[in-house]
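What follows is each chain in one-letter form.
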Amino acid sequence: MAKNSSVIEVAIVADTKKFKKGIEGATSKLDQFTRKMGSASVKIGKGFAVMGGAAVGLSVVAGKHLFEVGEELTSLDKKIETVFSGKSLETVENWADEVAGRMGLTSTAAQGLAANAGDLLKPMGFTADEAANMSTEIVGLSGALSEWSGGQRSVEETAEILQKALLGERESLKSLGISINQAEVDQRALTFAQRDGREAITAQDRALATQALIMEKSTDAQAAFAAGGNQLTASQNMLKATMGELEETVARKLLPVFADLAAFVVADVIPVLERELPRAFDW
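Throughout this document, residue positions are counted from 1 along each chain, in the order its sequence is written. Where totals are concerned, whole chains, interfaces and linings use all residues; where local detail is concerned, this predicted model gives features only for residues with pLDDT of at least 70, and gives and counts side-chain atom pairs only at 80 or more. Side-chain numbers here rest on the full set of heavy atoms in the structure, without hydrogens or water.

A few points about the overall build of the chain
- Along its length, the chain carries 11 helices and 0 strands.
- Here a helix means four or more residues in a row that DSSP labels H or I, a strand means two or more in a row labelled E, and each is numbered from the N terminus. Along the chain, helices (α) and strands (β) appear in the sequence α-α-α-α-α-α-α-α-α-α-α when read from the amino end.
- Only protein chains enter the accessibility calculation, which uses a 1.4 Å probe; a residue is then buried when its area is under 20% of its type maximum, exposed when over 50%, and partly exposed in between. Within the chain, the proportion of its 283 residues that are buried is 37%.
- Should any heavy atoms of two residues lie within 4.5 Å, those residues are counted as being in contact. Intrachain contacts of the chain at a sequence separation of at least 6 include 72% that bridge at least 24 residues.
- Total accessible area on the chain is roughly 15,500 Å²; 58% of this is exposed by carbon and sulfur atoms. Shrake-Rupley sampling with a 1.4 Å probe provides the accessible areas, and residues are treated as covered by the protein chains on show and by no other component.

What about the packing of helix H4 (residues 86-99) against helix H6 (residues 128-148)?
- The axes used here are C-alpha line fits, helices contributing only the stretch in contact, and every angle between their N-to-C directions lies in the interval 0 to 180 degrees. Packing of H4 against H6 brings their axes to within 8 Å, and their N-to-C directions diverge by 15 degrees. One way to sum up the angle between H4 and H6 is to call them roughly parallel. H4 and H6 meet at a crossing whose hand is right-handed. Residues Lys-87, Ser-88, Thr-91, Val-92 and Trp-95 of H4 touch H6, and the partners they reach there are Ala-128, Asp-129, Ala-132, Asn-133, Thr-136, Val-139 and Gly-140. Any angle that is under 35 degrees is reported as roughly parallel, and any over 145 degrees as roughly antiparallel; angles of 65 to 115 degrees are reported as roughly perpendicular and all others as oblique. Handedness of a crossing follows from how the near helix is turned relative to the far one, being left-handed for an anticlockwise turn of less than a right angle and right-handed for a clockwise one.

Focus: the pattern of salt bridges
- Definition used for salt bridges: Asp or Glu carboxyl oxygen within 4 Å of a side-chain nitrogen of Lys or Arg. According to the stated counting rule, one finds 8 salt bridges in the structure shown.
- The partner of Lys-217 in a salt bridge is Glu-184, and the shortest N-O contact between them spans 2.8 Å. Note that Lys-217 is positioned in the loop between helix H9 (203-216) and helix H10 (219-226) and Glu-184 in helix H8 (residues 182-195), a separation of 33 residues in sequence.
- Assessed through its relative accessible area of 32%, Lys-217 is described here as partly exposed.

Focus on H6
- Expected helix span is computed as 1.5 Å times (number of residues minus one). The terminal C-alpha atoms of H6, which comprises 21 residues, lie 30 Å apart, in line with the 30 Å expected from a rise of 1.5 Å per residue.
- In terms of burial, H6 is a largely internal element, 17 of the 21 residues being buried.
- Looking one or two residues past H6, Gly-150 carries a phi angle of roughly 70 degrees, positive in sign.

Some remarks on the side chain of Asp-205
- As for its placement among the helices and strands, Asp-205 is situated in helix H9.
- In terms of polar contacts, Asp-205 uses its side chain to reach the side chain of Arg-198, at 2.9 Å.
- In this view, Asp-205 contacts Ala-189, Phe-192, Ala-193, Arg-198 and Ala-200; residues no more than four positions away in its chain are not counted. Counted as a polar contact is a pair of N or O atoms within 3.5 Å, where, for protein atoms, one must be capable of donating a hydrogen and the other of accepting one, and residues adjacent in sequence contribute only when both atoms are in side chains.

Section: the environment of Leu-89
- Assignment of secondary structure puts Leu-89 in helix H4.
- Classification of Leu-89 as buried rests on a relative accessible area of 15%.
- With 26 residues separating them in the primary sequence, Leu-89 and Ala-115 have C-alpha atoms 9.6 Å apart.
- Look past the residues within four positions of Leu-89 in its chain and what remains in contact with it is Ile-80, Glu-81 and Phe-84.

Digging into H9
- Look at H9: 20 Å from first C-alpha to last across 14 residues, which is about the 20 Å you get at 1.5 Å a residue.
- For H9, the buried fraction is high: 10 of the 14 residues fall into the buried class.
- Of all the residues in H9, the buried ones are Asp-205, Ala-207, Leu-208, Ala-209, Thr-210, Gln-211, Ala-212, Leu-213, Ile-214 and Met-215.

A closer look at the nonpolar core
- Take the buried residues of types Ala, Val, Leu, Ile, Met, Phe, Trp, Tyr and Cys, join any two whose side-chain atoms come within 4.5 Å, and each joined set is a nonpolar core. Within the largest apolar cluster, 48 residues are counted, with the highest numbers of intra-cluster contacts made by Phe-84, Trp-95, Met-103, Phe-126, Leu-162, Leu-173 and Ile-214.
- At the level of secondary structure, the elements contributing two or more residues to this core comprise helix H3 (53-83), H4, helix H5 (107-121), H6, helix H7 (155-166), H8, H9 and H10.
- The dominant element in this core, judged by the number of residues it contributes, is H6, at 8 residues.
- Apart from the residues within four sequence positions on either side, Met-103 is in contact with Trp-95, Val-139, Gly-140, Ser-142, Gly-143, Val-155, Phe-225 and Asn-237.

A few points about the packing of H4 against H5
- The N-to-C vectors of H4 and H5 enclose an angle of 130 degrees; their axes lie 8 Å apart at closest approach. Accordingly, the angle class assigned to the pair H4 and H5 is oblique. The handedness of the crossing between H4 and H5 is right-handed. Contact residues: H4 offers Val-92, Glu-93, Trp-95, Ala-96 and Asp-97, while H5 offers Ser-107, Ala-110, Gln-111 and Ala-114.
- Put simply, Ala, Val, Leu, Ile, Met, Phe, Trp, Tyr, Cys and Pro go in the nonpolar bin, Asp, Glu, Lys and Arg in the charged bin, and everything else, Gly too, in the polar bin. Among the residues making up the contact of H4 with H5, the classes are represented as 5 nonpolar, 2 polar and 2 charged.

Structure, rendered in structure tokens:
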């Protein structure tokens, strides 16, 4: 079974460890700030009491955005933990903590992309551990290929193209500078099958063959990424990831507040509106 690309890993471990440490420090400071300020609900109430109309509007927009981020994170967490568990989940989490920042992603976002790939691989017969290794390699490569494209393809778009290729949809690979035909896939897949003492080719064989060919035909992109790539792009990616991590941290901390607020609206606000609005219209 293919392992995570050592070429890509070596290039990003040093920088992303510093990035992860910085995020942990920011999270610790946010925790201290939250404790000092008291409950979030009290802060929101006091804030609304003193803010002007424009500030209130801005807070509503920001709150709505954070609520949407929190909802998305909840769904993403559930998907990640469904596709991977135990050792495979630990593998994906550790990998994401190391590489996500270099690709401009948060750790959760990187795990989500891996879960998307794993969700396609497991029905082919791959175990959770095999799917975890293969998914992280594919998503890790998407960072190198995205940068190699000069920003024309985002990491998310690149990962989707690579995932579709594993299912046989290889035409879009050409936009990444990779050309693979059916004959190449079948020949490589037959090699894998015969190695296991089989003559019939399975979907799993074809996926492994496609992955191997993609890795072989993207060595220039991998080498450039391992060498540090475009320093401006790398710096921008780290900044983007940092802001994303902080946003996710705040959204996660506010989720309980949003839940309480929703319960308050349903239990107290809506009944009042239902009772008073008809009277207002009558008046």
